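Residue-level structure breakdown
Read off the chains here:
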Amino acid sequence: MLFENLDIIKPIQKALKEEGYSKPTPIQAKSIPHLLEGKDLLGCAQTGTGKTASFAIPILQAIYNDQKSSIGKRTIKAVVLAPTRELAIQIGESFTAYSKHMDIKNIVIFGGVSQNPQTKALKEGVDILIATPGRMLDLYSQKFINLSKVKYFVLDEADSMLDMGMIHDVKRIISHLPKVRQNIFFSATMPSEISKLANSIFKDPIKVEVTPVASTTETIKQSMYFVSKKQKRALLIDILKDKSIKSALVFSRTKHGANKITTDLLNVGIEASAIHGNKSQNARQLALNNFKEGKVRVLVATDIAARGIDVDELSHVINYDLPEVAETYVHRIGRTGRAGHSGTAMSFCSMEERDLYKSIEKLIKKKIELIKDHPYHGSSNDVSQLEPKKDNRRDNRGSSKRNTSSKGNNKNWNSNRRKKPANKKTDNK
Ligand code: AMP
């Protein structure tokens, strides 16, 4: 399948070629034909699948074709809502790249920065508005945004909008849109509230799905390190001292944690910056750009800040803390191994996180390789309790007592394992 076979117009084809895209990704091949026909679409796809181009290409093509008959000032014809500023910026960059041989303007608006440049650009006229919901509603209520000519509406990463409590704002925005329009939703998972919303506004939608959230990309090598909370820092430093790790996105559960990890890394001479919601928009953008350009090797992020971050050829994702929600694991590791590149995802699991680890394996229906051969198991009792016992790692928590009494240092652990070849199978879970 080639882009030519999808009936994509020449100026877009040219731009895609210049972007280095040789053929459509599966989600593009599945979505673009329906979207070009003007159908509503409900897409289940995570970041990294090429979903942005899936909706950007048909929208640009439709606007381009409409332009022939339109006259007068530019008006907003498409609205794309995204949950985070970073994702909105990336979507804007994609629209700009794909429309470089056309006279179509997009604007990205988001909160946390002055509204003046945004309102100025809106006054000058744009064709495509990409926005986070809060700022969009704000500017709409100030009458800077005219939605009366909108024909295309996209909700990207709908599930994270729900997670982040934005769904009410999204519904308000939808209520201001013209009734006749094409609707496109993309979501990595399909919680009932999202399908309910979709059902309430869609007309007979086409449903497309690629890489279900539970099946993590084959190109990502995944591993799990059992390590006590206290030893995580030392393990991370040890891993990152390996210069062959070209770029690593490290996930921390909290903003404070992200700052602390960054400081720890900087203290031992590892270039790192943090990206999270307490940083100003400019600081976040600077950190992201430095990381993208390879000036900083390690970016430490919280989930919300990292959502949608698209870094070409990111080699490593490190889960310093396991996520509370198993689906988030899939989103996180999906930052690497993109567009066919190989990637590595390493996760640290402390005693307290053992259940999270189990729920991740349950979700992805796959065993994650356990790395035991590292010096940071520590000798504390809590780490010994992480030890997967024969046939009991899934549900027998009673084993932890036995383990504690063994004092469970790394040496004991390994020698025990060697004496029990019958356990070998569980070792590699
Ligand atoms: P997305 O899932 O939209 O965030 O896209 C993930 C990455 O894949 C981005 O870096 C895109 O530039 C890239 N990409 C999208 N479509 C293609 C394609 N057809 N061929 C190669 N790379 C692509």
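Every chain begins its residue count from 1, and numbering advances along the sequence as written. This being a predicted model, a pLDDT of at least 70 is required before a residue's local features are given, and a value of 80 or more before pairs of side-chain atoms are given or counted; all residues contribute to the totals for chains, interfaces and linings. In computing side-chain values, all of the structure's heavy atoms are included and hydrogens and water are not.

**A closer look at the site of the ligand**
By convention in this text, a residue qualifies as near a molecule or strand provided that one of its non-hydrogen atoms is within 4 Å of it. Taken together, 15 residues lie around the ligand, and Y21, Q28, G48, G50 and T52 are the ones closest in. In this structure, an oxygen atom belonging to the ligand sits 2.5 Å away from a side-chain N or O atom of Y21. Using the Shrake-Rupley algorithm and a 1.4 Å probe, accessible areas are obtained, with residue cover drawn only from the displayed protein chains. Out of a free accessible area of 490 Å², the ligand has 84% covered by protein chains. In this classification, Asp, Glu, Lys and Arg are treated as charged, Ala, Val, Leu, Ile, Met, Phe, Trp, Tyr, Cys and Pro as nonpolar, and every other residue, Gly included, as polar. Along the lines of polarity and charge, the residues of the shell around the ligand split into 3 nonpolar, 7 polar and 5 charged. N or O atoms within 3.5 Å of each other form a polar contact, as long as, within protein, one can give a hydrogen and the other can take it, and as long as residues adjacent in sequence are counted only when both atoms are side-chain atoms.

**Focus on the sheet that holds strand 10 (residues 272–275)**
With parallel pairing, the 7 strands of this open sheet are ordered in space as 10-11-9-12-13-8-14. The outermost strands of the open sheet, each flanked by one partner alone, are strand 10 and strand 14 (369–371). Neighbour to neighbour, the strand axes of the sheet diverge by 25 degrees on average, direction disregarded. Note: two strands are recorded as paired if DSSP finds a minimum of 2 bridges between them. Under the scheme used here, helices are H or I runs from DSSP no shorter than 4 residues and strands are E runs no shorter than 2 residues, and both carry numbers assigned from the N terminus. With 4 bridges connecting them, strand 9 (residues 248–251) and strand 12 (residues 316–319) associate as parallel partners. Bridging across to strand 12, F251 finds its partner in N319. Sheet strands in contact with helix 10 (residues 232–240) are strand 8 (220–226), strand 9, strand 11 (298–301), strand 12 and strand 13 (343–349), and its direction is about 160 degrees off that of strand 13. Orientation is described by lines fitted to C-alpha atoms, with helices fitted over the stretch in contact, and by angles between N-to-C directions that extend from 0 to 180 degrees. Two residues form a contact once any of their heavy atoms are found within 4.5 Å.

**Points about the environment of M166**
Tracing the backbone through its elements, the reader meets M166 in the loop between helix 7 (158–163) and helix 8 (167–175). Beyond its immediate chain neighbours, meaning those up to four positions away, M166 contacts P83, P133 and M161.

**With respect to the pattern of salt bridges**
One side-chain nitrogen of Lys or Arg within 4 Å of one carboxyl oxygen of Asp or Glu is enough to make a salt bridge. Tallied over the entire structure, the rule returns 22 salt bridges. As a salt-bridge pair, E193 and K171 come within 3.9 Å of each other at their nearest N and O atoms. Placement of E193 in helix 9 (residues 192–201) and of K171 in helix 8 is noted, with a sequence separation of 22 residues between them. Think of it in three bands: with a 1.4 Å probe and only protein chains considered, a residue is buried below 20% of the maximum accessible area for its type, exposed above 50%, and partly exposed in between. The class for E193 is partly exposed, based on a relative accessible area of 34%. Under the relative-accessibility criterion, K171 is labelled partly exposed at 39%. Note that D303 is salt-bridged to R332, the shortest N-O span being 2.7 Å. One end of the pair, D303, is in helix 13 (residues 303–306); the other, R332, is in helix 14 (residues 326–333), and 29 residues separate them in sequence. Of the residues examined, D303 reaches a relative accessible area of 25% and is grouped as partly exposed. Ionic contacts of the salt-bridge type, sharing partners, join the residues K232, R253, D321, E324 and E353 into one network.

**Here's the deal with the sheet that holds strand 2 (residues 78–81)**
Strand pairing in a sheet takes place through backbone hydrogen bonds and is either antiparallel or parallel in direction. Spatial ordering of the open sheet is given by 3-4-2-5-6-1-7, a layout of 7 strands whose pairing is parallel. Whereas interior strands pair on both sides, the edge strands pair on one side only; in this sheet they are strand 3 (106–109) and strand 7 (206–209). Within the sheet, the average angular offset between the axes of one strand and its neighbour, ignoring direction, is 15 degrees. Across 4 bridges, the pairing between strand 2 and strand 5 (residues 152–155) is parallel. Of the residues in strand 5, the one forming a bridge with L81 is L155. Along the sheet, helix 9 contacts strand 1 (41–44), strand 5 and strand 6 (182–187); its crossing angle with strand 6, the most-contacted strand, is approximately 170 degrees.

**Considering unusual backbone geometry**
Positive phi values are uncommon outside glycine, yet D7 reaches one of about 60 degrees. Inspection of the secondary structure assignment puts D7 in the segment before helix 1 (10–19). The phi dihedral of K365 falls on the positive side, at around 50 degrees, and the residue is not glycine. In this structure, K365 sits in the loop between helix 15 (354–364) and strand 14.

**Re the confidence of the model for the protein**
Averaged over every residue, the pLDDT of the protein is 83; the share at 70 or more is 84%. In the model, residues 379–384 has pLDDT below 50 throughout and makes 13 contacts with residues more than four positions away in sequence or in other chains. Confidence per residue, as judged by the predictor, is encoded in pLDDT with a range of 0 to 100. Note on residues 388–429: pLDDT is under 50 here. Beyond four places in sequence and across chains, it has 63 contacts.

**Points about the pairing of strand 10**
Residues A272 and A274 of strand 10 are buried on one face, and the alternating residues S273 and I275, pointing to the opposite face, are buried as well. Taken together, the 4 bridges between strand 10 and strand 11 define a ladder with parallel strand orientation. Among the inter-strand pairings, A274 is bridged to a residue of strand 11, identified as V300. We call a crossover right-handed when, viewed with the strands running away from us, the connection from the first strand over the helix to the second turns clockwise. A crossover connection joins strand 10 to the parallel strand 11 through helix 12 (residues 281–292); in handedness this β-α-β unit is right-handed.

**Looking at the nonpolar core**
Nine residue types can take part in a nonpolar core, namely buried Ala, Val, Leu, Ile, Met, Phe, Trp, Tyr and Cys, and a core is a set of them joined through side-chain atoms within 4.5 Å. Within the largest apolar cluster, 41 residues are counted, with the highest numbers of intra-cluster contacts made by F55, I57, I59, F95 and I128. Within the second largest apolar cluster, 32 residues are counted, among which are L122, L155, A158 and I201.

**Looking at the packing of aromatic side chains**
Aromatic ring pairs are defined here through the distance separating the ring centres and the angle between the ring planes. A pair of Phe, Tyr and Trp rings is counted when the ring centres sit within 6.5 Å of each other, with Trp represented by its six-membered ring. The angle between the planes then sorts it: under 30 degrees is stacked, over 60 is edge-to-face, the rest tilted. One pass over the structure, following the stated rule, counts 8 aromatic pairs. Aromatic pair F55 and F186: ring centres 6.0 Å apart, planes at 40 degrees, arrangement tilted. Separated by 131 residues along the polypeptide, F55 in helix 3 (residues 51–67) and F186 in strand 6 bring together distant segments of the chain. We classify F186 as buried; its relative accessible area is 0%. Between the aromatic rings of F185 and F202, the centroid separation amounts to 4.7 Å while the plane-to-plane angle is 75 degrees, which identifies the pairing as edge-to-face. Of the two residues, F185 sits in strand 6 while F202 sits in the loop between helix 9 and strand 7, which places them 17 residues apart along the sequence. An aromatic cluster of at least three residues, connected via ring pairs, comprises F55, F95 and F186.

**Remarks on helix 5 (residues 116–124)**
Three or more residues of helix 5 are buried, namely Q118, T119 and L122. Along the long axis of helix 5, the arc covered by the buried residues comes to 95 degrees, so they all point the same way. When the buried face of helix 5 is taken as reference, the exposed residues oriented beyond 90 degrees from it are N116, P117, K120 and K123. Residues of helix 5 that are buried sit in contact with strand 3, strand 4 (128–131) and helix 6 (133–141). Positive phi shows up at G125, right after helix 5, with a value of about 105 degrees. Here, the arc refers to the directions that run from the helix axis to the C-beta atoms.

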